[in-house]
Amino acid sequence: MIAARGVTKRFGDFVALDDVSIEIPDGSLTALLGPSGSGKSTLLRIVAGLEQPDEGVVEIHGSDQTRVPPQRREIGFVFQHYAAFKHMTVHDNVAFGLTIRKQPKQRVRARVEELLGIVGLSGYAERYPSQLSGGQRQRMALARALAVEPRVLLLDEPFGALDALVRAELREWLRRLHEEVHVTTVLVTHDQEEAMAIADHLVVMDHGRIEQVGPPREIYDRPANGFVMGFLGPVARLGDRLVRPHDIVVELEPGEDAVEAQVGRVVHLGFEVRVELVLDGQDPVLVQLTRHDAEQLELAHGDIVWVRAPRLAQAAT
């Protein structure tokens, strides 16, 4: 288990982390999620030993690691940029950590071959980083981090420099990789979809504080506050409540707790239909309907409808 207890970090007058405490379960894939400046990368760097906290303690597997140098923490670290040794082959890049530890050559060769197979780079051992795609270079970086059999794997925006299609492919691959190697993994990302798709646990951060911790579905369905709800997906406002656009129910007749609205725009996007509704005294509300529901309602510009949201889909602002 990784534990941060009462961790505070300041950079001049800026408080990057404000009395943060968190426990990350063994074997989990946990995402630190939040906007820029929320403190997620600072927390990761403190766990790695690349930054020292002004206050607080960091424990890894029950041992106080707060003042232990990074190289003695048994941690693998992968950054957004690959930091590959350009003059070395893929094999030598992956083997680097084992080589400087003076491991037997036969063991190094076997470990590198095993890892290249795991990350899908078998047959690329003699290539150089410049001969790989961005996604392949990041896989190589992950293999290099895993080569020394770390107790903890830390990933700081590892796919941030890649295009959307490659990111989507690699996050699915990372989930499968984690299920195979089972190393405790902490991923920093500001991409909500990425975090929701691959993480067992989310730690949502803002302004140096932890807003909510839990499984992705639990946090999405039961956000602790308006910030968490808004950060994890689109929201609309009905009265003094925030609701998910896909949770809003549109009806042709008035009903209990329903609010009258007028249809503005109706946009058909294949598998879904987005409807902009105008409510008295409020900003326009966007509603997401299935194509089936939209066909049943037959909505058109200017129609009067009534809208409501199930109470479980609502969050206080």
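The rules behind each value
Residues numbered from 1 in each chain as written. Predicted model: local features only at pLDDT ≥ 70, side-chain atom pairs only at ≥ 80, totals over all residues. Heavy atoms only, no water. Helix = DSSP H or I, 4+ residues; strand = E, 2+ residues; numbered from the N terminus. Buried < 20%, exposed > 50% of the residue type's maximum accessible area, 1.4 Å probe, protein only. Contact = heavy atoms within 4.5 Å. Areas by Shrake-Rupley, 256 points an atom, 1.4 Å probe, with all protein chains shown as cover. Lys, Arg positive; Asp, Glu negative; His and termini not counted. Charge placed at Lys NZ, Arg CZ, Asp CG, Glu CD. Salt bridge = Lys/Arg side-chain N within 4 Å of Asp/Glu carboxyl O. Axes fitted to C-alpha atoms, helices over the stretch in contact; angles between N-to-C directions. Parallel < 35°, antiparallel > 145°, perpendicular 65-115°, else oblique. Left-handed = near helix turned anticlockwise from the far one by under 90°. Nonpolar A, V, L, I, M, F, W, Y, C, P; charged D, E, K, R; others polar. Phe/Tyr/Trp six-rings, centres within 6.5 Å; stacked < 30°, edge-to-face > 60°. Lys NZ or Arg CZ within 6 Å of the ring centre and 35° of its normal.

*Asks:* Before we go on, may I ask you to explain the overall build of the protein in this structure?
*Replies:* In terms of helices and strands, the protein carries nine helices and 18 strands. In terms of overall dimensions, the protein has a C-alpha envelope of 75 × 45 × 30 Å along the principal axes. The buried share among the 317 residues of the protein stands at 47%. A separation threshold of at least 6 residues defines the contact pool for the protein, and within that pool the share at least 24 residues apart is 64%. Element-wise, carbon and sulfur atoms account for 49% of the exposed surface of the protein, whose accessible area totals about 15900 Å². Counting 35 positive and 46 negative side-chain charges, the protein places the centres of these two groups 11 Å from one another.

*Asks:* Please explain the pattern of salt bridges as it appears in this structure.
*Replies:* Charged atoms that come close allow side chains of opposite charge to pair. Going through the model one piece at a time under the given rule, you end up with 16 salt bridges. One salt bridge connects arginine 107 with glutamate 149, and the closest N-O pair in it is separated by 2.8 Å. With arginine 107 in helix H3 (residues 105-118) and glutamate 149 in the loop between helix H4 (134-147) and strand E7 (152-156), this pair connects stretches of sequence that are 42 residues apart. A relative accessible area of 35% means that arginine 107 is categorised as partly exposed. For glutamate 149, a relative accessible area of 46% translates into the label partly exposed. Measuring nitrogen to oxygen at the nearest pair gives 2.9 Å for the salt bridge that ties glutamate 194 to arginine 167. With glutamate 194 in helix H6 (residues 192-198) and arginine 167 in helix H5 (residues 164-181), this residue pair connects regions lying 27 residues apart in the sequence. For the residue pair glutamate 194 and arginine 167, the accessibility class agrees, reading buried in each case. Beyond isolated ion pairs, a larger network of salt bridges with shared partners links Arg5, Glu23 and Glu59.

*Asks:* Help me out: how do you make sense of the side chain of glutamine 65 in this one?
*Replies:* The topology assignment puts glutamine 65 in the loop between strand E5 (63-64) and strand E6 (75-78). Sequence-distant contacts of glutamine 65, that is, excluding residues within four places in its chain, are made with Val58, Glu59, Ile60, Arg72, Arg73 and Arg151.

*Asks:* I tried to follow the packing of helix H2 (residues 90-100) against H3 on my own but got confused; where do I start?
*Replies:* In a packed pair of helices, the relevant descriptors are the angle between the two axes and the axis-to-axis distance. The contact between H2 and H3 brings their axes to 9 Å, and the two run at 125°. Classified by the angle their axes make, H2 and H3 are oblique. Once H2 is placed against H3, the crossing between them reads as right-handed. Listed contacts from H3 to Val90, His91, Val94, Ala95, Leu98 and Thr99 of H2 are Arg107, Val108, Arg109, Arg111, Val112, Leu115 and Leu116. Residues that form the contact of H2 with H3 fall into these classes: eight nonpolar, two polar and three charged.

*Asks:* What am I meant to see in the environment of arginine 137 here?
*Replies:* Tracing the backbone shows arginine 137 in helix H4. C-alpha of arginine 137 to C-alpha of valine 90: the two residues are 47 residues apart in sequence and 8.8 Å apart in space.

*Asks:* It is not clear to me how the packing of aromatic side chains should be interpreted in this structure. Could you clarify?
*Replies:* The geometry of two aromatic rings is summed up by the distance between their centres and the angle between their planes. Applying the stated criterion across every chain, the model contains three aromatic pairs. The interplanar angle of 25° and the centroid separation of 4.4 Å between the aromatic rings of phenylalanine 77 and phenylalanine 79 together place this pair among those described as stacked. Measuring from centroid to centroid gives 5.8 Å for phenylalanine 227 and phenylalanine 231, while their planes differ by 20°, and the two rings are stacked. Here phenylalanine 227 and its partner phenylalanine 231 are both found in helix H8 (residues 226-231), four residues apart, which amounts to about one turn of the helix. Its relative accessible area of 27% is what places phenylalanine 227 among the partly exposed residues. Given a relative accessible area of 14%, phenylalanine 231 falls into the buried group. For the cation-ring pair, arginine 139 lies above tryptophan 173, with the distance from its terminal atom to the ring centre recorded as 4.9 Å. Between arginine 244 and the ring centre of tyrosine 220, over which it is positioned, the NZ or CZ distance is 4.1 Å.

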